[in-house]
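Chain residues, written in single-letter form:
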Amino acid sequence: MYGLYPDAEQWRINTAFLILFAIVGVSFFVSEKLKKYFILFLVFVFPFVGIKLISGGSFGLEYVESAAWGGLSLTFIISAFAILFCFPIGVILALGRRSSLPAIKYISIGFIELWRGVPLITVLFMSAVMFPMFLPDGTFIDKLIRVLIAITLFEAAYMAEVVRGGLQALPKGQYEAAKSLGMGYWRMNALIILPQALKLVIPGIANTLLALVKDTPLIFVVGLMELAGMIGLAKTNPKWLGMAMEGYVFAGLVFWVICYAMSRYSQNLEKKLSTER
Amino acid sequence: MSKIIELKKVNKWFDKFQVLKDIDLEVAPQEKIVICGPSGSGKSTLIRCINRLEEHQEGNIIVDGTELSESTKNIEKIRAEVGMVFQQFNLFPHLSILDNCSLAPIWVKKLPKKEAEEIAMNNLKRVQIDDQALKFPGQLSGGQQQRAAIARALCMEPKIMLFDEPTSALDPEMIKEVLDVMVDLAKGGMTMIVVTHEMGFAKEVADYMIFMDEGKIVERAKTKEFFEKPKSERTKLFLSQIL
Ligand SMILES: Nc1ncnc2c1ncn2[C@@H]1O[C@H](COP(=O)(O)OP(=O)(O)O)[C@@H](O)[C@H]1O
Ligand SMILES: [Mg+2]
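These numbers come from a predicted model, not from an experiment.

1. Some words on the overall build of chain A
Across its full length, chain A holds 12 helices and one strand. Element order for chain A, N to C, with α for helix and β for strand: α-α-α-α-α-α-α-α-α-α-β-α-α. The buried share of chain A, taken over its 277 residues, is 44%. Partitioning the intrachain contacts of chain A with sequence separation of at least 6 by distance along the chain shows that 70% fall at a separation of at least 24. When the accessible surface of chain A is split by element, carbon and sulfur atoms take 72% of a total near 15100 Å².

Given below as structure tokens:
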């Protein structure tokens, strides 16, 4: 559950997740208007509060380096961060790829194709091992953060292509109608194009995000242990000897539950939005 | 009288294919002009150049005192003054009819939501579908959708309205309800350029008729003259086919 995180400090992870679940839970019962603020808080404030709480180093909290983070909580942290950031980046890349400005268009294409063409394992190795060598002496970026950025950008490239599929499915008339009403590029995309395009590709988005969650175990190659990795480690512990099978079945089950929940959520979302037609 | 739209020697190409050839056109405020001509003659392209959904390569297009060119900074401002109604309606399917109408006034004109919705309801009443305001476009008939699209354009309080074959995608029994709205609009003094083959409508409201063929304006005449004694053979042939 907590990996190598110090036992005495585990309450900090618990608190972080409790806050998370409390917010999500409460947000189901409050009015639409309040919900907006809850979501804004969740997206822009909570991640930093949560990380501070877990990593410590100030407010009298003892510093726990990210190498000691692990287990299921790490699975959640990585998935949540990557999902949160790969989505907007993917949308921007998708718009960029269809931009009429050649510079933006080719940068976007280059970026997407570069990340799509490289296996995730390679990307992880590069971020963990090679990237620090290029940094000037004295600068240091935490390994977990490097890996997070790598996964986020990797998944953003896939997200971009999914979103582009939605953009291309929209009839030209929607763009023309928006323009003829005097909307500029950003308003047209934010109000008319993206709401429709994203709705069209909810299944594809869900697919990409599920793949992301299931890719998190790969971070073991750079020495970070999330749930599955932790079980690999635990089975060498005499206390857990012979329990490897149960461990992996448990891990599989946990992943399945997470992914099934996400898939159900996406189906509900689809249904809810489609009735508005 | 000063002109609100002026086109001078406008030429336009799609790759090597020339769609518009030396188009000259002037429209005074409150004038109604009907453009007809065979399919592919460049009618849509011509009116789409007026709000720069298409770009022309040669000549000048001046709309309400502003020349349209690559360096036109505020093309959005011009477009906000020029309403357009499309053959395929192009309503926003993810928004209610009311939101379709109030969206641009809120986000482009920066009106308060309440005021924008009031304007929207007034225009929906004008096209007689205020009872459909909370429905979504997919729940309306073709005629209702096109009337909603007209209301949406009117909500921006445009100085000019462009219509590109507004009734061509409609079943016959719905054409009249849309034409009635357009006649009403014309009587209210709107400046209108209408591409249509509804000659009854043209005779009722048009000040001038324009006949286009192969990218050229073949004939431009007062409505009465145009129908009674067209000058060009091609116009005669065309009129004999559609009347
Ligand atoms: N985006 C485009 N690219 C290339 N050719 C086009 C495009 N739009 C229209 N055309 C061509 O330009 C000609 C005029 O089209 P259009 O203005 O739509 O005619 P109309 O509205 O009179 O039927 C047609 O031959 C058509 O095939
Ligand atoms: Mg046409």
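2. Notes on the sheet that holds strand β1 (residues 5-14) of chain B
With respect to topology, four strands assemble into an open sheet ordered β2-β1-β4-β5 (chain B), the strand pairing being antiparallel. The outermost strands of the open sheet, each flanked by one partner alone, are β2 (17-27) and β5 (66-67) of chain B.

3. Brief notes about the pattern of salt bridges
For the structure on display, the rule yields 19 salt bridges over all chains. Salt-bridge contacts for Glu161(A) lead to Arg97(A); the nearest nitrogen and oxygen are separated by 2.9 Å. Here the residue Glu161(A) occupies a position in helix α7 (residues 143-169), and Arg97(A) occupies one in helix α4 (residues 71-97), the gap between them amounting to 64 residues. Given the relative accessible area of 15%, Glu161(A) is considered buried. Owing to a relative accessible area of 14%, Arg97(A) belongs among the buried residues under this scheme. Arg48(B) is paired through a salt bridge with Glu176(A); the nearest N and O atoms lie 2.8 Å apart. Here the residue Arg48(B) occupies a position in helix α1 (residues 43-50), and Glu176(A) occupies one in helix α8 (residues 172-180), the pair thus bridging two chains. Residues joined by salt bridges that share partners form a network here, namely Arg97(A), Glu113(A), Arg116(A), Glu161(A) and Arg164(A).

4. Notes on the site of ligand 1
Residues and elements named next belong to chain B. Neighbouring ligand 1 are the residues Phe 14, Phe 17, Val 19, Pro 38, Ser 39, Gly 40, Ser 41, Gly 42, Lys 43, Ser 44 and Thr 45. Here Gly 40 contributes a backbone N or O atom positioned 2.7 Å from an oxygen atom of ligand 1. Take Ser 41: an N or O atom from its main chain is 3.2 Å from an oxygen atom of ligand 1. In isolation ligand 1 exposes 560 Å². Once the protein is present, 60% of that is buried. Mapped onto the shell around ligand 1, the elements with two or more residues apiece are β2 and α1. Broken down by element, the residue count for the shell around ligand 1 peaks at three residues, all from α1. Its residues assigned to classes, the shell around ligand 1 comprises four nonpolar, six polar and one charged.

5. Things to note about the environment of Asp99(B)
Examined against the element boundaries, Asp99(B) turns out to sit in helix α3 (residues 97-107). Put simply, Asp99(B) and Met199(B) are 100 residues apart on the chain and 34 Å apart in space, counted from C-alpha to C-alpha.

6. Focus on the sheet that holds strand β10 (residues 216-222) of chain B
All names here are of chain B. If you walk across this open sheet you meet the six strands as β6-β7-β8-β3-β9-β10, and the pairing is mixed. Lying at the two open borders of the sheet, with one neighbouring strand each, are β6 (82-85) and β10. Sheet twist, expressed as the mean angle between neighbouring strand axes with direction ignored, is 15°. In this structure, strand β3 (residues 32-36) lies alongside strand β9 (residues 208-213), joined through four bridges in parallel fashion.

7. Some thoughts on the interface of chain A and chain B
Contacts between the two partners involve 20 residues from chain A, matched on the other side by 24 residues from chain B. Each partner contributes to the roughly 2000 Å² buried at the junction of chain A and chain B, and carbon and sulfur atoms together form 63% of this total. For the pair chain A and chain B, the interface holds one salt bridge. Among the elements of the structure, α8 and α9 (185-200) of chain A are those that each provide at least two residues to the side of chain A that touches chain B. Among the elements that take part in the side of chain A that touches chain B, α8(A) stands out by supplying eight residues, more than any other. Looking at the side of chain A that touches chain B residue by residue, the classes come out as seven nonpolar, six polar and seven charged.

8. A closer look at the packing of aromatic side chains
Working definition: an aromatic ring pair is given by the centre-to-centre distance plus the angle between the planes. Residues and elements named next belong to chain A. Counted by the stated rule, this structure contains seven aromatic pairs over all chains. Here the aromatic rings of Phe 154 and Tyr 158 are separated by 5.4 Å at their centres, their planes lie at 50°, and the arrangement is tilted. Placement of the pair is Phe 154 and Tyr 158 together in helix α7, with a separation of four residues, close to one helical turn. Consider the rings of Trp 256 and Tyr 260, whose centres lie 4.9 Å apart with planes at 10°: the pair is stacked. With a gap of four residues between them, Trp 256 and Tyr 260 both fall in helix α12 (residues 244-274), about one helical turn apart.

9. Notes on the environment of Gln18(B)
Residues and elements named next belong to chain B. Of note, Gln 18 is situated in strand β2. Spatially, the C-alpha atoms of Gln 18 and Ser 102 are 38 Å apart, while their sequence positions differ by 84 residues. Apart from the residues within four sequence positions on either side, Gln 18 is in contact with Asn 11, Lys 12 and Trp 13. Here Asn 11 takes part through its side chain, which lies 2.8 Å from a polar atom of the side chain of Gln 18.

10. Looking at the side chain of Thr208(A)
Structurally, Thr208(A) is set in helix α10 (residues 202-215). Setting aside chain neighbours within four positions, we find Thr208(A) in contact with Glu155(A), Tyr158(A), Met159(A) and Val162(A).

11. Points about the packing of α3(B) against helix α5 (residues 142-154) of chain B
All names here are of chain B. Interaxial distance between α3 and α5 falls to 8 Å at its minimum, and their mutual angle equals 25°. In terms of orientation, α3 lies roughly parallel with respect to α5. The interaxial crossing formed by α3 with α5 has right-handed handedness. Across from Ile 97, Asn 100 and Cys 101 in α3, the residues of α5 making contact are Ala 148, Ala 151 and Arg 152. Residue composition of the contact of α3 with α5, grouped by class: four nonpolar, one polar and one charged.

Rules behind the numbers
Residues numbered from 1 in each chain as written. Chains lettered and ligands numbered in written order. Predicted model: local features only at pLDDT ≥ 70, side-chain atom pairs only at ≥ 80, totals over all residues. Heavy atoms only, no water. Helix = DSSP H or I, 4+ residues; strand = E, 2+ residues; numbered from the N terminus. Buried < 20%, exposed > 50% of the residue type's maximum accessible area, 1.4 Å probe, protein only. Contact = heavy atoms within 4.5 Å. Areas by Shrake-Rupley, 256 points an atom, 1.4 Å probe, with all protein chains shown as cover. Pairing = 2+ DSSP bridges. Salt bridge = Lys/Arg side-chain N within 4 Å of Asp/Glu carboxyl O. Near = heavy atom within 4 Å. Polar contact = N/O pair within 3.5 Å; in protein donor to acceptor, adjacent residues only side chain to side chain. Nonpolar A, V, L, I, M, F, W, Y, C, P; charged D, E, K, R; others polar. Axes fitted to C-alpha atoms, helices over the stretch in contact; angles between N-to-C directions. Buried area = accessible area lost by both parts, 1.4 Å probe. Phe/Tyr/Trp six-rings, centres within 6.5 Å; stacked < 30°, edge-to-face > 60°. Parallel < 35°, antiparallel > 145°, perpendicular 65-115°, else oblique. Left-handed = near helix turned anticlockwise from the far one by under 90°.

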